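A closer look at the structure
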Amino acid sequence: STGLNVKIVGTSLVCVSETESTNILAGRLAEEGAAEGTVVIADSQNRGKGRLGRLWESPAGVNLYCSVILRPPIMPIHAPQLTFLSAVAVAEAIERAAGLIPVIKWPNDVLVNGFKVAGLLNEMSAEMERVDYLVLGIGVNINMQRSQFPGDLRHPASSLAIEAGHGVERLSFTRALLEALDSHYDSYCAEGYAPLRQAWLDRSAVMGRRVRVNCQERQVSGTVEGIDEIGALLVRTPDGKQERVLAGDVTIDE
Ligand code: BT5
């Protein structure tokens, strides 16, 4: 037993001191048949993954790098719903374990005082019209110091300790995170996407805000009206049209 108060997420833990990327290790374990709810945690990563081939800075001893294996009975098109699961759980854990007020920036950042303190990277393996497994990758800067951040970050970044003004215990944070993930996943399986979507909207940094979204080959500007069934961002453009954006980088206009 892991001593956690959970039903699925965290019922099995795999802890390693160093790995290339917990997402890669979790994917390998999932291929080998690891049970739903298996969580891989590493003290450090030597090639932590961001989105689109970017790197996630992963020094040892200070942060949390973890990946959760889930096997929800859903179609691949609904998999982005699970990104909101990790975002909401990370936000709750930050509030509970560090006493800070986090906001979620679509699609995969969690910010405190405008600084990125966590990044999420979900990966999926699907066959035909069903999901085989999902890997929810979660990186949280807990006690990382200013000197440990690289100089050329895409988004101003920080850690919970810097923002709180004191160290935050990694174990209590991890416990709070896994329990939050578990309770939201339990409710997702029982009640579907609606409660999760609401929890996400309640903590969203972009809801009702004017934004610019850079997608692959276009830029969409307008006011955010919500997220839809498949996790797309709904943006009302100045000409009154509603655009659906499936993926991209968001800039919030002041
Ligand atoms: C993300 O990518 O935000 C997803 C990060 C997911 C990391 C977790 S750790 C556990 C699991 N295993 C993995 O291998 N990955 C997941 P993206 O939005 O692409 O942001 C990446 C960019 O953020 C980089 O190009 C840097 O500019 C910046 N960055 C790198 N390390 C950072 C850090 N520790 N904190 C804040 N920003 C960082």
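For the structure itself, consult the block above.
About the cut-offs
- Residues numbered from 1 in each chain as written.
- Predicted model: local features only at pLDDT ≥ 70, side-chain atom pairs only at ≥ 80, totals over all residues.
- Heavy atoms only, no water.
- Pairing = 2+ DSSP bridges.
- Helix = DSSP H or I, 4+ residues; strand = E, 2+ residues; numbered from the N terminus.
- Buried < 20%, exposed > 50% of the residue type's maximum accessible area, 1.4 Å probe, protein only.
- Contact = heavy atoms within 4.5 Å.
- Phe/Tyr/Trp six-rings, centres within 6.5 Å; stacked < 30°, edge-to-face > 60°.
- Axes fitted to C-alpha atoms, helices over the stretch in contact; angles between N-to-C directions.
- Near = heavy atom within 4 Å.
- Polar contact = N/O pair within 3.5 Å; in protein donor to acceptor, adjacent residues only side chain to side chain.
- Areas by Shrake-Rupley, 256 points an atom, 1.4 Å probe, with all protein chains shown as cover.
- Nonpolar A, V, L, I, M, F, W, Y, C, P; charged D, E, K, R; others polar.

Of the strand pairs in this sheet, strand S10 (residues 233-236) and strand S11 (residues 242-245) are connected by four bridges, and their pairing is antiparallel. Note on S11: the bridge partner recorded for Leu234 is Arg244. The turn joining S10 and S11, which pair antiparallel and follow one another in sequence, is formed by five residues; a positive phi near 90° is taken by Gly240.

The next thing to look at is the side chain of Thr19. With respect to the helices and strands, Thr19 occurs in strand S1 (residues 12-19). With a relative accessible area of 15%, Thr19 lands in the buried category. Apart from residues lying up to four places away in sequence, Thr19 is in contact with Leu25, Ala42, Ser44, Gln45 and Asn46.

Under the definition given, this model contains three aromatic pairs. Their ring planes at 20° and their centres at 6.4 Å tell us that Tyr185 and Tyr188 sit as a pair that is stacked. One end of the pair, Tyr185, and the other, Tyr188, are both in helix H4 (residues 170-191), three residues apart, so they sit about a helical turn from each other. Judged on exposure class, the residue Tyr185 and its partner Tyr188 are both buried. Taken together, the ring pairs in this structure connect Phe84, Tyr193 and Trp200 into an aromatic cluster.

Pairing in this open sheet of seven strands is mixed, and the strands run S1-S2-S3-S7-S6-S5-S4 from one edge to the other. At either margin of the open sheet sits one strand with a lone partner, and together these are S1 and strand S4 (102-105). Going from strand to strand, the sheet's axes swing by 20° on average, the running direction of each strand aside.

Neighbouring the ligand are 28 residues, the closest being Ser21, Lys49, Arg54, Lys116 and Asn141. A distance of 2.9 Å separates an oxygen atom of the ligand from a polar backbone atom of Arg51. Burial of the ligand by the surrounding chains reaches 96%, relative to a free accessible area of 790 Å². Where the shell around the ligand is concerned, the elements lending two or more residues are helix H1 (22-31), strand S3 (64-70), strand S6 (115-127) and strand S7 (130-140). A per-class count over the shell around the ligand returns 10 nonpolar, 12 polar and six charged.

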